[in-house]
Each structure stands twice: as structure tokens, then as C-alpha cells.
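Summary of the model geometry
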Amino acid sequence: MTAFDRRDVGLLLLRLGAGGVLAAHGAQKLLGWFGGHGIEGTGQFMESVGYAPGRASATAAGLAEAGGGTLLALGLATPAAGAAAAGAMAGAAAVHAPNGFFNQEGGYEYAATLGLAATGLAVTGPGRLSLDHVLGHALDRGWMVPAALGATAAVTAVIVGARNRRLRKPEQEQAAAGFESQESLSGE
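Residues numbered from 1 in each chain as written. Predicted model: local features only at pLDDT ≥ 70, side-chain atom pairs only at ≥ 80, totals over all residues. Heavy atoms only, no water.

Another point: the nonpolar core. Of all hydrophobic cores here, the largest spans 13 residues; its most connected members are Leu22, Leu72, Ala85 and Met89. Of all the secondary-structure elements, those providing two or more residues to this core are α1 (6–31), α3 (54–74), α4 (78–96) and α5 (109–124). Per element, the largest residue contribution to this core is five residues, and it comes from α4. (Core = buried A, V, L, I, M, F, W, Y, C linked by side-chain atoms within 4.5 Å. Buried < 20%, exposed > 50% of the residue type's maximum accessible area, 1.4 Å probe, protein only. Helix = DSSP H or I, 4+ residues; strand = E, 2+ residues; numbered from the N terminus.)

Have a look at this one:
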């Protein structure tokens, strides 16, 4: 019998901590637990920050956090779980980025930290104290890491890009209206 080493225990602690936090945040969005606002309230918030439709965005973020976090904590399907959680955190970081880095100023520090932890676990693997290990790593193959992270990066780029375009549209319309007002004042 092989004894577990420090690396296995460290990965277990990291998985339980990051995965547990992510799962709790997802439960806030999906179920309204832990002081959350559930799908309806989270959907309204998502819509207000440019993720539309809001309800679908809240559902997707909640599932990525709750599902990805739970799977990370269990050490099951680690590449997909880490990628899903990282994608959700990239979306959250985009919302907080205008406030700078530090969390106390409303910045993206917290989302970035959770996203990097999830990505690190996807890349490193869950260790031997995991369901992936028990199942012979059937859902944790080497090729799954770049596939999961690449697919998530592509989808996240599309979603965050669409959000950014939505947020810029009113500014562009306002600038165009201002330009037209200037033209009418100058008699052109």
C-alpha cells in the first residue's frame, strides 16, 4: 500500500477550500442559499452588468460555480471542473476589473484568485486523495486539460466580448447623438 504524501494532502486541502467556496457561491446564485439572491435576483444583477439574458447567465454561472466547485472538491473530472470554474471566475473578474485589483475596492482580486486556483488544479490534477484517482483517471486524462481549458477560454472570450459590446453600445449611441447635435448647431 502506498502512503499519501504531502502533495496529495495539499491538493486535497486546496480542492476542498477552493471547491467549497465555489460551490457555495454557485448555491447562492442557483438556490438563494447562504444569503444569495437565487436565479431571479442574480439574473437581474447579471442583466444590469451586461450579461444578457440575465436568467440564463445566472444559471450558467451558478452551474459552473456549483458544479465545478463540487467536482473540484471531490477530485472528479478535474480538468473540466477546473475549467468551468475558471471560466465563471473570468466572467466575474470582467465585472470587477474597472474597480482595479484589490477586493476592498470592489476589484477582481477574489475572482482572479479562485480562477487561478481552479486552473491550477485542472493543470496539476487532483492528487491521489480523489475520485479521479479511485476511478483510474478515466475523467482526468492529459489531453483533457488543454481541451477543457481551450474550450472554456474560447466560450468565455465570446461571452465577455458580447458583454463588453453591450456595455459600449449606449456610450456609442450617446456619442453619436452628441455629434449629431453639434452638426445641427453648426448648421450643416
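Now for the packing of aromatic side chains. All chains considered together, the criterion is met by three aromatic pairs. With a centroid separation of 6.2 Å and 90 degrees between ring planes, the pair formed by Trp33 and Phe34 is classed as edge-to-face. Overall, the relative accessible area of 59% leaves Phe34 in the exposed class. Both rings, one in Phe101 and one in Phe102, keep their centres 5.0 Å apart while their planes meet at 80 degrees; by these two values the pair is edge-to-face. (Phe/Tyr/Trp six-rings, centres within 6.5 Å; stacked < 30°, edge-to-face > 60°.)

On the secondary structure map, Asp140 appears in the loop between α6 (131–134) and α7 (144–185). For the buried Asp140, which has no salt bridge, the nearest side chain bearing the opposite charge is Arg141, at an N-O separation of 8.3 Å. A polar side-chain atom of Asp140 sits 2.9 Å from a polar atom in the side chain of His137. The contacts of Asp140, once residues within four sequence positions are left out, are Thr78, Pro79, Gly125, Pro126 and Asp132. (Lys, Arg positive; Asp, Glu negative; His and termini not counted. Salt bridge = Lys/Arg side-chain N within 4 Å of Asp/Glu carboxyl O. Polar contact = N/O pair within 3.5 Å; in protein donor to acceptor, adjacent residues only side chain to side chain. Contact = heavy atoms within 4.5 Å.)

This part covers a nonpolar patch on the surface. There is a patch of nonpolar side chains on the surface, built from Leu74, Leu131, Val134 and Leu135 and spanning about 360 Å² of accessible area. Along the polypeptide, Leu131 turns up in helix α6. (Patch = residues over 30% accessible without salt bridge, like charges linked within 9 Å, V, L, I, M, F, W, Y side chains within 5 Å. Areas by Shrake-Rupley, 256 points an atom, 1.4 Å probe, with all protein chains shown as cover.)

On the secondary structure map, Ala23 appears in helix α1. With residues near it in sequence (within four places) discarded, Ala23 still touches Glu65, Ala66, Gly69 and Thr70.

As a further point, take α4. Relative to the 27 Å expected for 19 residues at 1.5 Å per residue, α4 spans 27 Å between its end C-alpha atoms, a close match to the ideal helical length. For α4, a buried count of 14 out of 19 residues is recorded, marking the element as mostly surrounded by other parts of the structure. (Expected span 1.5 Å × (residues − 1).)

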